[in-house]
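Listed below are the residues making up each chain.
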Amino acid sequence: MIKLLGLLFTITLLYSKESVYLFPDQHSYCVYQLNKAMKNASERIIVISHSFNHPELKKGILQAAKHGKNVTLVLNDLHRDPLSMVQYDHIELYSTPHPFDTSTLIIDHSLVCTFPGAIEEEDFSFIRSSIRCSDNPKTIKQIRRSLNPLISSAKLYLE
């Protein structure tokens, strides 16, 4: 049995992939892929960003929350979309005073995406940047571990 687990882990690492989306050219395709991944999430979605104002990604997050997935938003700027999302079940909004320049979207233990700035539709549509997504279990675990101090120090918005 242990030999089979080692073989399965090796196969998983060989077939894991990393995708890079170039914005604004691949904006629609990236949003489609992220919403598809959120729809297939089994338990948790975590968004860590300076601000979150993206209507299409908001729809995917709300759809996942309606299907019982837990969503955690950790943000510096709580204006517009995040405040309207607090009213839904399974969505927790946290604020943090610690500024950060990058954003991260983690879907279960199956996908992690890192963004060079805030998750803003205007930025994705007009500013040249790239987003890196990976389904490598080792990468996901490493990024989750590095973000745990930030998540644990954040304060629940409606506390």
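Residues numbered from 1 in each chain as written. Predicted model: local features only at pLDDT ≥ 70, side-chain atom pairs only at ≥ 80, totals over all residues. Heavy atoms only, no water.

1. Quick look at the sheet that holds strand β6 (residues 103-107)
The sheet built from eight strands is open, its strands ordered β1-β9-β7-β6-β2-β4-β5-β10 with mixed pairing. Looking along the sheet, the strands with just one partner apiece sit at the ends: β1 (18-23) and β10 (155-156). Bridge analysis of strand β7 (residues 111-115) against strand β9 (residues 129-134) gives three bridges, and the strand direction is antiparallel. Paired with cysteine 113 across the bridge in β9 is cysteine 133. Running at roughly 140° to β1, helix α2 (residues 27-39) makes contact with β1, β2 (44-49), β6, β7 and β9 of the sheet. (Pairing = 2+ DSSP bridges. Helix = DSSP H or I, 4+ residues; strand = E, 2+ residues; numbered from the N terminus. Contact = heavy atoms within 4.5 Å. Axes fitted to C-alpha atoms, helices over the stretch in contact; angles between N-to-C directions.)

2. Quick look at the packing of aromatic side chains
For any pair of aromatic rings, the description rests on two quantities: the centre-to-centre distance and the angle between the ring planes. Tallying each qualifying case throughout the model produces one aromatic pair. Aromatic side chains tyrosine 21 and tyrosine 29 sit 5.9 Å apart centroid to centroid with 55° between the ring planes, which places their arrangement in the tilted category. The class for tyrosine 29 is partly exposed, based on a relative accessible area of 47%. (Phe/Tyr/Trp six-rings, centres within 6.5 Å; stacked < 30°, edge-to-face > 60°. Buried < 20%, exposed > 50% of the residue type's maximum accessible area, 1.4 Å probe, protein only.)

3. Concerning the pairing of strand β4 (residues 70-75)
Within a regular strand, side chains alternate between the sheet's two faces. Most of β4 sits inside the fold, with five of its six residues counted as buried. Here β4 runs beside strand β5 (residues 91-95); their pairing, made up of five bridges, is parallel. Looking at the pairing, threonine 72 lines up with glutamate 92 of β5.

4. A few points about the state of the cysteines
Two cysteines joined by a covalent bond between their sulfur atoms form a disulfide. This model, assessed by the stated rule, comprises one disulfide. Free of any disulfide, cysteine 30 has its nearest neighbouring cysteine sulfur in cysteine 133, separated by 5.2 Å. (Disulfide = S-S within 2.5 Å.)

5. Focus on the pairing of β5
As paired strands, β5 and β10 are joined by two bridges and run antiparallel to one another. Residue pairing for β10: tyrosine 94 is matched across the bridge by leucine 156.

6. Comments concerning the confidence of the model for the chain
Note that predicted coordinates carrying low pLDDT should not be read in detail. In the predicted model, the chain carries a mean pLDDT of 84, and 88% of its residues have values of at least 70. Between residues 1-15, whose pLDDT stays under 50, and residues either more than four places distant or in other chains, the model counts three contacts. (pLDDT = per-residue confidence, 0-100.)

7. Details of the side chain of serine 19
Within the secondary structure layout, serine 19 lies in strand β1. Beyond its immediate chain neighbours, meaning those up to four positions away, serine 19 contacts Ile131, Arg132 and Cys133.

8. Regarding the pattern of salt bridges
Overall, the coordinates contain two salt bridges when judged by the stated rule. Ionic pairing is found between arginine 132 and glutamate 18, a salt bridge with its closest N-O pair at 2.6 Å. Here glutamate 18 lies in strand β1 and arginine 132 lies in strand β9, a separation of 114 residues in the sequence. By relative accessible area, arginine 132 is classed as partly exposed at 44%. The class of glutamate 18 is partly exposed, set by a relative accessible area of 45%. Linking aspartate 25 and arginine 128 is a salt bridge whose minimum nitrogen-to-oxygen distance equals 3.3 Å. With aspartate 25 in the loop between β1 and α2 and arginine 128 in the loop between α5 (121-126) and β9, this pair connects stretches of sequence that are 103 residues apart. (Salt bridge = Lys/Arg side-chain N within 4 Å of Asp/Glu carboxyl O.)

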